[in-house]
Amino acid sequence: VKNLINSQMKPCTEELKGKAIMLKKLKKKKRKKFKPFSEEDWKSSENAGPLETKPLDEMVVKITSDDEMYAFLEKDIQDSYVEGKRIFEWMISPMDIDRFFEDVFEKKSLLIERSHNSNHNDWLSTMEIDQILRDNNMKFGVNVDVTSYENGQRETHNQEGRAHASVIWDFYNTGCSVRLLNPQTFVRRIWSKLSLLQEYIGNFCGANVYLTPPGTQGFAPHWDDIEAFVIQLEGSKRWRVYAPFEHLPDYSSHNLKDEDLPTPMLDCVLGEGDILYFPRGFIHQANALPDQHSLHITVSMCQKQAYSHFLESLMPMAIKNLHKSHDKARFSLPRQLANFTGHSSRISKEMSQSREQFLEQVSDMLDHMRNSIPKFIDEAVDIHFLKSLRESLPPCLRQNEMVNSVTHAGFKWDPSKFQVANCDAFVNESTMLRISRRNCVRLVKDAITDEFVLYYNSENTLVYHQVELQPLSLEENMVENVKSLIRRYPDYCCAH
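Note that this is a predicted model, so its numbers are computed, not measured. (Residues numbered from 1 in each chain as written. Predicted model: local features only at pLDDT ≥ 70, side-chain atom pairs only at ≥ 80, totals over all residues. Heavy atoms only, no water.)

## Here's the deal with the pairing of strand S9 (residues 237-242)
Consecutive residues of a regular strand have side chains that alternate between opposite faces of the sheet.
Okay, so step 1: Of all six residues that make up S9, six are buried, and the element is covered over most of its length.
Okay, so step 2: Side-chain alternation along S9 places Lys237, Trp239 and Val241 on one buried face and Arg238, Arg240 and Tyr242 on a second face that is also buried.
Okay, so step 3: Two elements, S9 and strand S10 (residues 266-270), share five bridges in a ladder whose sense is antiparallel. For Arg238, the partnering residue across the bridge sits in S10 and is Val269. (Buried < 20%, exposed > 50% of the residue type's maximum accessible area, 1.4 Å probe, protein only. Helix = DSSP H or I, 4+ residues; strand = E, 2+ residues; numbered from the N terminus. Pairing = 2+ DSSP bridges.)

And the structure:
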């Protein structure tokens, strides 16, 4: 943080163009149910481009089965951080996690091709989408989008109100893509995976699902402000990834034009089970093959989680502290400041000296701010984390967790006696307790009242930013006990 304030951060000189890692299975197998991709398919595809693929380096590895992962996820949650790590390990398998974050993350695109003889889709199917549309009040623009991209024009065809299944499929038949904006709201296993992934990643993990008719494209070339993991669920899809115009931007682009794009750094086809990762800022576009539909889910993470975003929480504290502790910071600005600064400032010896004195004073104040950072770094992290906690998904509790939590334990209606009964034991001094997830709470000290407040995400909804965080004010004698609960996770603490 001190280096950033001093503007001493070394510029990134690594060349990004063409840096893609492609992981290939040692023994290739024919894609299940779909014919192999050929050059003729490109020629018959309206959006076909060059067949050229330019990975930086190519490694041959053996992909391990992920069946054990899904069985593991059905077991009890012992440690949410460990479970989230296991899910992430499966997503990038066979690449080692340490190598991914050191060599690939935020730097390169990564393609992982998996065996297409085994079922990798434990996320969502097209048939389930049909059922979701029929069973839920899906709203255009809130839960589902209908889009198309043809002849360089990107269009959104959303209507007002509910997105009925028959209307969505009518759009699909005319060549429109269907995007589910918050699938975790309707599919519990997606909610479970994403809520555990965010425990490991440390910030909100979201997802969109994309269903594309054969031979069509739903979106224009663009870049996003998130780290994207594309998981192909059904069919196949051609992806072209381009070097970024800007390194790690914190905003998404407008629709780009094909003629303005460079040669793709990666041109590939994803089959069922394949995974494609690209960092924020990497330009991309994708189209379904002429003879088959495509269904994929994009898992997103690390939106607005850069050092610069953390400094937005830190700097107001540093400035407030500067005002209290540095006398000169409270002095009025020079009377002639407008004359010796700015693009239209006057150039003279006297003005130059005034300018230098002003810069020295500002530099001295910045040094003071830098040296005071350790005093309130923890408070700044707490404030930044509260933003992430508000965005985060609530814990997806397993059955054994629910029966031992406030959601199911305690008083219940006894239908045999037609009265309220306590079917479970109350918490007593010998009861063993723990928080439900490692990162589901944050203990914060209020800067005004100097009291501790516990914030928690268990009452967040599955819709992004729909509710505010819920606070719990703590009495002074409760603070140390709460700290023990947080620090000892995943171990239990005795209630007394």
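## Regarding a nonpolar patch on the surface
Okay, so step 1: A contiguous nonpolar surface patch, about 540 Å² in accessible area, is contributed by Phe411, Trp413, Phe418 and Val420.
Okay, so step 2: Residue classification places Trp413 among the exposed positions, given a relative accessible area of 53%. (Patch = residues over 30% accessible without salt bridge, like charges linked within 9 Å, V, L, I, M, F, W, Y side chains within 5 Å. Areas by Shrake-Rupley, 256 points an atom, 1.4 Å probe, with all protein chains shown as cover. Salt bridge = Lys/Arg side-chain N within 4 Å of Asp/Glu carboxyl O.)

## What to know about the side chain of Ser195
Okay, so step 1: With respect to the helices and strands, Ser195 occurs in helix H8 (residues 188-201).
Okay, so step 2: Reaching out from Ser195, the side chain makes a polar contact with the backbone oxygen of Ser192 at a distance of 3.0 Å.
Okay, so step 3: Beyond its immediate stretch of four places on either side in the chain, Ser195 contacts Leu393, Pro394 and Cys396. (Polar contact = N/O pair within 3.5 Å; in protein donor to acceptor, adjacent residues only side chain to side chain. Contact = heavy atoms within 4.5 Å.)

## A few points about the nonpolar core
Okay, so step 1: In this structure, Phe88, Phe100, Leu124, Phe229 and Val299 are the most contacted members of the largest nonpolar core, which totals 67 residues.
Okay, so step 2: In terms of residue count, H8 provides more of this core than any other element does, seven residues in total.
Okay, so step 3: If sequence neighbours within four positions are ignored, Phe229 has contacts with Phe88, Met91, Ile92, Phe100, Leu276, Tyr277, Ile297, Thr298, Val299 and Met301.
Okay, so step 4: Counting residues in each nonpolar core, the second largest holds 15 residues, with Ile226, Ala243, Met265 and Phe278 among its members. (Core = buried A, V, L, I, M, F, W, Y, C linked by side-chain atoms within 4.5 Å.)

## Concerning the confidence of the model for the chain
For residues with low pLDDT, the predicted coordinates do not support detailed interpretation.
Okay, so step 1: Within the chain, residue pLDDT values average 84, and 83% of them lie at 70 or more.
Okay, so step 2: Mean pLDDT values over the elements of the chain span from 32, in strand S2 (residues 57-61), up to 98, in strand S6 (residues 177-180).
Okay, so step 3: Across residues 7-73, confidence stays below pLDDT 50; counting only partners more than four residues off in sequence or on other chains, it has 145 contacts. (pLDDT = per-residue confidence, 0-100.)

## Topic: the packing of aromatic side chains
Okay, so step 1: Scanning all chains against the criterion turns up 18 aromatic pairs.
Okay, so step 2: Consider the rings of Phe100 and Tyr277, whose centres lie 5.2 Å apart with planes at 70°: the pair is edge-to-face. Linking Phe100 in helix H5 (residues 97-104) with Tyr277 in strand S11 (residues 275-278), this pair joins segments that are 177 residues apart in sequence. Judged on exposure class, the residue Phe100 and its partner Tyr277 are both buried.
Okay, so step 3: Aromatic pair Phe340 and Phe358: ring centres 6.3 Å apart, planes at 65°, arrangement edge-to-face. Residue Phe340 is located in helix H10 (residues 337-340), and its partner Phe358 is located in helix H11 (residues 349-391); the two are separated by 18 residues in the primary sequence. (Phe/Tyr/Trp six-rings, centres within 6.5 Å; stacked < 30°, edge-to-face > 60°.)

## So, the packing of helix H4 (residues 80-92) against H8
Okay, so step 1: Where H4 meets H8, the axes come as close as 7 Å, and the angle between the chain directions of the two elements is 100°. The pairing of H4 with H8 is recorded here as roughly perpendicular in orientation. Residues Ser80, Tyr81, Glu83, Gly84, Lys85, Ile87, Phe88 and Met91 of H4 form the contact with H8, whose own contacting residues are Lys193, Leu196, Leu197, Glu199, Tyr200 and Ile201.
Okay, so step 2: For the contact of H4 with H8, the class distribution of residues is eight nonpolar, two polar and four charged. (Axes fitted to C-alpha atoms, helices over the stretch in contact; angles between N-to-C directions. Parallel < 35°, antiparallel > 145°, perpendicular 65-115°, else oblique. Nonpolar A, V, L, I, M, F, W, Y, C, P; charged D, E, K, R; others polar.)

## Regarding unusual backbone geometry
Residues apart from glycine generally show negative phi values, whereas peptide bonds are mostly found in trans.
Okay, so step 1: Following Ser93, the chain continues to Pro94 via a peptide bond in cis, the omega torsion being 10°.
Okay, so step 2: Looking at where Pro94 falls in the secondary structure, it is placed in the loop between H4 and H5.
Okay, so step 3: The omega torsion across Tyr489 and Pro490 is 10°, close enough to zero to call that bond cis.
Okay, so step 4: Residue position: Pro490 is located in the loop between helix H13 (479-488) and strand S20 (493-494).
Okay, so step 5: Phi angles above zero are rare outside glycine, and Asn151 is one such case at about 55°.

## A word on the sheet that holds S10
Okay, so step 1: Sheet architecture is open: three strands sit in the order S10-S9-S12, paired in antiparallel fashion. The two strands at the open ends of the sheet, each matched to only one other strand, are S10 and strand S12 (283-288). For this sheet, the mean angle separating the axes of adjacent strands, direction not counted, is 20°.
Okay, so step 2: Summarising the sheet, S9 and S12 pair through six bridges and their orientation is antiparallel. Paired with Lys237 across the two strands is Ala288, which belongs to S12.

## Some thoughts on the packing of H4 against H5
Okay, so step 1: Close contact between H4 and H5 brings their axes to 10 Å; oriented N to C, the two are set at 65°. In terms of orientation, H4 and H5 fall into the roughly perpendicular class. In the crossing of H4 with H5, the sense of the turn from one axis to the other is left-handed. For the pair formed by H4 and H5, the contact residues are Lys85, Phe88, Glu89 and Ile92 on the first element and Ile97, Phe100 and Phe101 on the second.
Okay, so step 2: Per-class residue counts for the contact of H4 with H5 are five nonpolar, no polar and two charged. (Left-handed = near helix turned anticlockwise from the far one by under 90°.)

## Brief notes about the sheet that holds strand S18 (residues 452-456)
Okay, so step 1: Ordered by their spatial adjacency, three strands build an open sheet running S17-S18-S19, and the pairing between neighbours is antiparallel. Of all strands in the sheet, those bounded by a partner on one side alone are strand S17 (441-445) and strand S19 (470-473). Neighbour-to-neighbour, the strand axes of this sheet turn through a mean angle of 30°, independent of strand direction.
Okay, so step 2: Relative to S19, S18 is paired through four bridges, and the arrangement is antiparallel. Residue Val453 lies in a different strand from S19, and its bridge partner there is Ser473.

## Thoughts on the environment of Asp135
Okay, so step 1: Within the secondary structure layout, Asp135 lies in helix H6 (residues 126-135).
Okay, so step 2: Between the C-alpha atom of Asp135 and that of His164, which follows or precedes it by 29 residues, the distance is 9.7 Å.

## Re the pairing of S11
Okay, so step 1: On S11, burial covers both faces: Ile275 and Tyr277 on one face and Leu276 and Phe278 on the other are all buried.
Okay, so step 2: Two elements, strand S8 (residues 227-235) and S11, share four bridges in a ladder whose sense is antiparallel. Considered in S11, the bridge of Ile231 is made with Ile275.

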